[in-house]
Amino acid sequence: MRQQFQITPDINRYDNEFGGFFSEDVLWPIPDRRYKETGDDIDDDDDDDDDTSNDNGNSNPITKELDDAPILINMDWRSTSGVQYNRQWFKYLRSSIGYALMHDTKRTQHSFRIEIDYRPLRHWKGKRIIDISARVGLQTTGYKRKKNNAMKWDTQLAPRIDVVWNFQKDHTLTWSNGLGGLWDNGIFLFDRWRSNINLNFIYRKNHRFVFGFQRQQRLDKQRISYGMSWGYEYRF
């Protein structure tokens, strides 16, 4: 069981807020220290801008206009209450299934998630400060529509690769890259790529603090978003 609360300032050049930026139940890849070693306890068309030559062959840089597009900084929060069951199949392979109830300033969502986690470096013995994991998560999220009060369910697939650096005891730096996609009218398409850098602090196993930065690039349109997170999680 876990209770998580996060504050998310969103930096965006577009009018739509967040756009599913923080829609995943597990936003931060927090490594489970219980499995650290043994695992048994637990359009730009201005093509001429780069031309710097004139008729005399002299180099005259062309001054470009400053980007005056508005940048929006929106502050939001989210609370997640969840329960999850983990199964350790092998030292290097485990799976999980869980449910989460998510609240934010706009809606309440129900989330069901199944994840498989494969860690190739755990085939070998010995201590290591760097770990790698390949994860595939399938998540179904539902919420009530405002118009007719009917439930709307979205299913997304999110494969990702995490590189975790244990630079101190209970202190980790994680670099994560993953794709995200949704089923729309029976057609599945990966529509976004996310890259995270997260600094994790674990205090007495139960208390977890996370500071994160995320970059999201849409694959179906020209749109890039950035976000930051500060989070606290308590695990019962």
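What you see is a predicted model, and the numbers here were worked out from it, not measured in a lab.

## Let's talk about the overall build of the protein chain
Then step 1. From N to C terminus, the protein chain includes 0 helices and 10 strands.
Then step 2. Listing each helix as α and each strand as β along the protein chain from the N terminus yields β-β-β-β-β-β-β-β-β-β.
Then step 3. Counting over 236 residues, the protein chain shows a buried share of 34%.
Then step 4. When the accessible surface of the protein chain is totalled, it reaches about 14900 Å², and 57% of it is carbon and sulfur.

## Some points on the pattern of salt bridges
Then step 1. Considering all chains together, one arrives at 15 salt bridges under this definition.
Then step 2. Across the pair Lys152 and Asp154 runs a salt bridge, and its minimum N-O distance is 3.4 Å.
Then step 3. Accessibility expressed as a relative area gives 25% for Lys152, which makes it partly exposed.
Then step 4. For Arg160, the salt bridge goes to Asp162, with nearest N and O atoms at 3.0 Å. Per residue, the accessibility class of Arg160 equals that of Asp162, and both read buried.
Then step 5. Here the residues in one salt-bridge network are Arg94, Arg113, Glu115, Asp117, Arg119, Arg122, Arg128, Asp131, Arg135, Arg160 and Asp162, joined through shared partners.

## Thoughts on the environment of His110
Then step 1. Looking at where His110 falls in the secondary structure, it is placed in strand E4 (residues 108–118).
Then step 2. Spatially, the C-alpha atoms of His110 and Ala100 are 6.1 Å apart, while their sequence positions differ by 10 residues.
Then step 3. Excluding its chain neighbours within four sequence positions, the residues that come into contact with His110 are Tyr99, Ala100, Leu101, Thr140, Thr141, Gly142, Met151 and Trp153.
Then step 4. Looking at His110, its side chain comes within polar contact range of the side chain of Tyr99, at 2.8 Å.

## Some remarks on the pairing of strand E6 (residues 151–168)
Regular strands place their side chains on alternate faces of the sheet.
Then step 1. With 15 bridges joining them, strand E5 (residues 130–144) and E6 adopt antiparallel strand pairing. Each bridged residue has a counterpart across the sheet, and for Val136 the counterpart in E6 is Pro159.
Then step 2. Hairpin connection of E5 to E6: 6 residues between the antiparallel strands, including Asn149 at a positive phi of 65 degrees.

## Notes on the confidence of the model for the protein chain
Then step 1. Overall, the prediction assigns the protein chain a mean pLDDT of 79, with 72% of residues at 70 or greater.
Then step 2. Scored below 50 in pLDDT, residues 30–64 shows 53 contacts in the model against residues more than four places distant or in partner chains.

## Things to note about a nonpolar patch on the surface
Then step 1. There is a patch of nonpolar side chains on the surface, built from Phe5, Ile7, Met75, Trp77, Tyr203, Phe209, Phe211, Trp230 and Tyr232 and spanning about 880 Å² of accessible area.
Then step 2. With respect to the helices, strands and loops of the structure, Trp77 is situated in strand E2 (residues 72–90).

## As for the packing of aromatic side chains
Then step 1. Here the structure, examined in full by the defined rule, presents 12 aromatic pairs.
Then step 2. Linked through ring pairs, Phe90, Tyr92 and Tyr118 together constitute an aromatic cluster.
Then step 3. A cation sits over an aromatic face here: Arg87 above Trp89, 4.3 Å from the ring centre.
Then step 4. Positioned above the aromatic ring of Tyr143 is the side chain of Arg107, whose terminal nitrogen or guanidinium carbon lies 3.9 Å from the ring centre.

## Notes on the pairing of strand E9 (residues 207–218)
Then step 1. Taking every second residue as pointing to the same face, the buried face of E9 carries Arg208, Val210, Gly212, Gln214, Gln216 and Arg218, while none of His207, Phe209, Phe211, Phe213, Arg215 and Gln217 on the other face is buried.
Then step 2. The pairing of strand E8 (residues 187–203) with E9 spans 12 bridges and is antiparallel. Considered in E9, the bridge of Asn200 is made with Val210.
Then step 3. Between the end of E8 and the start of E9, which pair antiparallel, lie 3 residues, with Arg204 showing a positive phi angle near 55 degrees.

## A word on unusual backbone geometry
Then step 1. The phi angle at Asp170 is positive, at roughly 65 degrees, despite the residue not being glycine.
Then step 2. Here Asp170 lies in the loop between E6 and strand E7 (171–184).
Then step 3. Backbone geometry places Lys205, a non-glycine residue, at a positive phi of 65 degrees.
Then step 4. Considering the arrangement of structural elements, one finds Lys205 in the loop between E8 and E9.

Conventions used here
Residues numbered from 1 in each chain as written. Predicted model: local features only at pLDDT ≥ 70, side-chain atom pairs only at ≥ 80, totals over all residues. Heavy atoms only, no water. Helix = DSSP H or I, 4+ residues; strand = E, 2+ residues; numbered from the N terminus. Buried < 20%, exposed > 50% of the residue type's maximum accessible area, 1.4 Å probe, protein only. Areas by Shrake-Rupley, 256 points an atom, 1.4 Å probe, with all protein chains shown as cover. Salt bridge = Lys/Arg side-chain N within 4 Å of Asp/Glu carboxyl O. Contact = heavy atoms within 4.5 Å. Polar contact = N/O pair within 3.5 Å; in protein donor to acceptor, adjacent residues only side chain to side chain. Pairing = 2+ DSSP bridges. pLDDT = per-residue confidence, 0-100. Patch = residues over 30% accessible without salt bridge, like charges linked within 9 Å, V, L, I, M, F, W, Y side chains within 5 Å. Phe/Tyr/Trp six-rings, centres within 6.5 Å; stacked < 30°, edge-to-face > 60°. Lys NZ or Arg CZ within 6 Å of the ring centre and 35° of its normal.

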